[in-house]
Amino acid sequence: MNIHPGFVGCDVSKHHLDIFDARTGAHARIVNSAPEVAALARSLAQSRDLIVFEATGGYDEALRRALTALGCRFARVNPGRARDFAKAAGFLAKTDRVDAKMLATMGQALNLAADMPPDPEREMLSLLVKRRDQLVDMRAQEKTRMSEISDKEIRADLEVHIAWLSTRIACFNRKIVQACKQSAVIARETALTRTAPGVGQVTATVLAALMPELGARSPKQIAALAGLAPLNADSGHKRGQRTIKGGRRRVREALYMAAVSAVRSDTPFKAFYLRLREAGKPAKLALIAVARKLLTTLNAMVRDNAAFQV
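Every value quoted in this text rests on a predicted model; they were computed, and no experiment measured them.

1. With respect to the packing of helix α7 (residues 184–193) against helix α12 (residues 283–304)
Part 1 of the argument: At their nearest, the axes of α7 and α12 sit 10 Å apart, and the two run at 135° to each other. Relative to α12, the element α7 lies oblique. Crossing handedness for the pair α7 and α12: right-handed. Of α12, the residues touching α7 (which contributes Arg 188, Glu 189, Leu 192 and Thr 193) are Leu 298, Met 301 and Val 302.

See the structure below:
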């Protein structure tokens, strides 16, 4: 006899986890601490239940680690998507108990698939990449302030800070390279993606850190994850302009800059870009199309374990 899996909704906050079991209709609240969360994971480990919770930054870290350690199935959903589902399903009130029940209902109604188990080495790479990006953003802000300030003392202070930020960025770049070398899978992946036109160290490491699905999804799915899939806006006889939205912003930004680089040299991507421009497409739209083509090409390269070929 097949036992169908149940769904457990878990609302995560800084101090508490609110749990709703769709099988029994029972609610529970526990402290969001490592021992309590580990006990929860042990109680769920014997079932095939899918635990559904929202991505809440660092607050769900203990839960993810405990569930992964015991092989529990879970789906970490986008908070915006969960809120849209709540409105559509009639969950108009918003409390921790209500949200836990809503998340269990969402898992059941949408038949959510379990997430891939997190890779500790890839998670560490993700932290390093995000910190490097933060430092780069801070340096850009300081450079903007430098262009607007004439006071010598403040300019000197800005110069010192910019130099310090540049040193830290270089340090994190070295850490990122070392982290890539420590994982055979990530090292192979970044080596492959860097053979493609326009893809340098930054783009390759951003993809390795923030797009673990690369090589394991269909072209349409991987484009949607990056927010590079054009979405229709049609109604009746009206045919609206296709637009992109959502997805992983940092991945999309990295691919866009790689596309800009790829179309500057004699590559198939430049030929593709020129055909779009000759067809009357705006430059930015053509570059987005190149970014999507580049991503689907990289997806196939990683899937087939093959370097780029003209």
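2. Things to note about the side chain of Thr 267
Part 1 of the argument: Relative to the helices and strands, Thr 267 is located in the loop between α10 (249–262) and α11 (268–278).
Part 2 of the argument: Once residues lying within four places of it in the same chain are set aside, the contact partners of Thr 267 are Pro 197 and Ala 262.

3. Focus: the sheet that holds strand β3 (residues 26–31)
Part 1 of the argument: Ordered by their spatial adjacency, 5 strands build an open sheet running β3-β2-β1-β4-β5, and the pairing between neighbours is mixed. If you trace the sheet from one side to the other, it starts and ends with β3 and β5 (73–77), each paired once. The mean angle between the axes of side-by-side strands here comes to 20°, regardless of whether they run parallel or antiparallel.
Part 2 of the argument: Relative to β5, strand β4 (residues 50–54) runs parallel, the two being bridged by 5 bridges. If you follow Leu 50 over to β5, its bridge partner there is Arg 73.

4. Looking at the packing of aromatic side chains
Part 1 of the argument: Taken as a whole and judged by the stated rule, the model has 2 aromatic pairs.
Part 2 of the argument: The ring centre of Phe 272 lies 5.1 Å from the NZ or CZ of Lys 293, which sits over that ring.

5. Observations concerning the packing of helix α1 (residues 34–45) against helix α2 (residues 61–69)
Part 1 of the argument: Relative to each other, α1 and α2 sit at 40°, their axes nearing to 9 Å. As far as their axial angle goes, α2 and α1 are oblique. Between α1 and α2 lies a crossing of right-handed hand. Counted together, Val 37, Ala 38, Leu 40, Ala 41 and Leu 44 of α1 and Ala 62, Leu 63, Ala 66 and Leu 67 of α2 form the full contact between these two elements.
Part 2 of the argument: Class assignment for the residues of the contact of α1 with α2 results in 9 nonpolar, no polar and no charged.

The rules behind each value
Residues numbered from 1 in each chain as written. Predicted model: local features only at pLDDT ≥ 70, side-chain atom pairs only at ≥ 80, totals over all residues. Heavy atoms only, no water. Axes fitted to C-alpha atoms, helices over the stretch in contact; angles between N-to-C directions. Helix = DSSP H or I, 4+ residues; strand = E, 2+ residues; numbered from the N terminus. Parallel < 35°, antiparallel > 145°, perpendicular 65-115°, else oblique. Left-handed = near helix turned anticlockwise from the far one by under 90°. Contact = heavy atoms within 4.5 Å. Pairing = 2+ DSSP bridges. Phe/Tyr/Trp six-rings, centres within 6.5 Å; stacked < 30°, edge-to-face > 60°. Lys NZ or Arg CZ within 6 Å of the ring centre and 35° of its normal. Nonpolar A, V, L, I, M, F, W, Y, C, P; charged D, E, K, R; others polar.

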